[in-house]
Amino acid sequence: MKRSWIGALLLALLPLTPATAAPPSAGIAVPAVQAAPAGAEVVGVTKVADRLTDLSVRSPALGNRVVKVRLLTPDGWDPADRRQHWPTFWLLAGCCGDYTAWSGTDIAKIDNLRKVLVVMPEAGWNGWYSNWWNHGAGGDPAWETFHTVELRRLLEKSWGASSNRVVAGLSMGGQGALLYAARHPGMFRAAAAYSGSAHPLLNTESVNRIMGFFGGQGGDPLRVWGDPVAQRNIWAAHDPYYLAPRLKSLPIYLSCGDGTAGPLDPPGKTDALEADFNRQNHALAAALTRAGAKHLTTNFYGPGTHAWAYWQRELHASLPLLLKALNIH
């Protein structure tokens, strides 16, 4: 990870810790999501398996690139019937994954998910569910606009989605779930984050780590949210900790391990990423409690690493909360 100059800069200028960070009550200005250009369209449909359909979507918000969205469809789903509008569960992938990531779990075997439309969108190898700053120029990629405006409208117009929605995700997708729920009031009725990046401004280690992801595959780490000092307002507007007051009225599920070997790990395994995210999730939970959250559920289960076995387990654990919010029993 490219962290030497970043770490030096932050140590000199941004010694953020839970004790010194501005409290959520200080208020964070959340920039409005840019208006979506007209013309997002489905240009291809592939039936992958029973109840699995992939859409190819051309997105102006992504520079007219074509990206994929996987749908796990409910029993009786028929996109030709425009009268159908199913409860909709957005399920977001983490960094370095794609729209197929959750298909490696047992989601297709969960009976209660036969009653909802599950939406698993592409979000870029390291898109971070954000409209990238691009050194002030904005533009491609605008993942937040693609998901919350373009794709939402397409799904509701032609693919059986309803406005009755919940959202969940792992790691980068856990941050995305919390961000979308906070930044788009009323869009989602509940949110769940499994090992989510819940407070990237927690401290220097956390900032360095996410900057390392931003710079992955040889990219420019400043394109995403800018510099963590000079563009700190943009960083804070994408940090769930600072958006806690916007989440306090929603059912929220947070879970994370502590980075030591757990029951689903090889003996002796350790994971600094999960340990960092564990500290971030504890900070967010405390911020939500201070903000007056009445529907917060946490499962900080101690030993456990950043691994699919835990995320599949936590999906199951969070489903009662998510399905209740959708009025699915």
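All values reported here derive from a predicted model rather than from experimental measurement.

A look at unusual backbone geometry
Along the chain, aspartate 140 connects to proline 141 via a cis peptide bond; the corresponding omega equals 0 degrees. If you trace the backbone, proline 141 turns up in the loop between β5 (117–121) and α2 (143–158). Here tryptophan 128, not a glycine, exhibits a phi torsion of approximately 60 degrees, which is positive. Mapping tryptophan 128 onto the fold places it in the loop between β5 and α2. The class for tryptophan 128 is buried, based on a relative accessible area of 2%. One non-glycine residue, tyrosine 129, adopts positive backbone phi at about 50 degrees. Relative to the helices and strands, tyrosine 129 is located in the loop between β5 and α2.

Describing the sheet that holds strand β8 (residues 252–256)
Within the open sheet, the nine strands sit side by side as β1-β2-β3-β5-β4-β6-β7-β8-β9. Their pairing is mixed. Edge positions in the sheet fall to β1 (41–49) and β9 (296–300), since each has one partner strand and no second. If you compare each strand with its neighbour and ignore which way they point, the axes differ by 20 degrees on average. The pairing of strand β4 (residues 86–92) with strand β6 (residues 161–170) spans six bridges and is classified as parallel. Within the sheet, the bridge partner assigned to leucine 92 lies in β6 and is glycine 169. Across the sheet, helix α3 (residues 172–183) touches β4, β6, β7 (191–194) and β8, and the angle it forms with β6 is around 140 degrees.

Criteria and thresholds
Residues numbered from 1 in each chain as written. Predicted model: local features only at pLDDT ≥ 70, side-chain atom pairs only at ≥ 80, totals over all residues. Heavy atoms only, no water. Helix = DSSP H or I, 4+ residues; strand = E, 2+ residues; numbered from the N terminus. Buried < 20%, exposed > 50% of the residue type's maximum accessible area, 1.4 Å probe, protein only. Pairing = 2+ DSSP bridges. Axes fitted to C-alpha atoms, helices over the stretch in contact; angles between N-to-C directions. Contact = heavy atoms within 4.5 Å.

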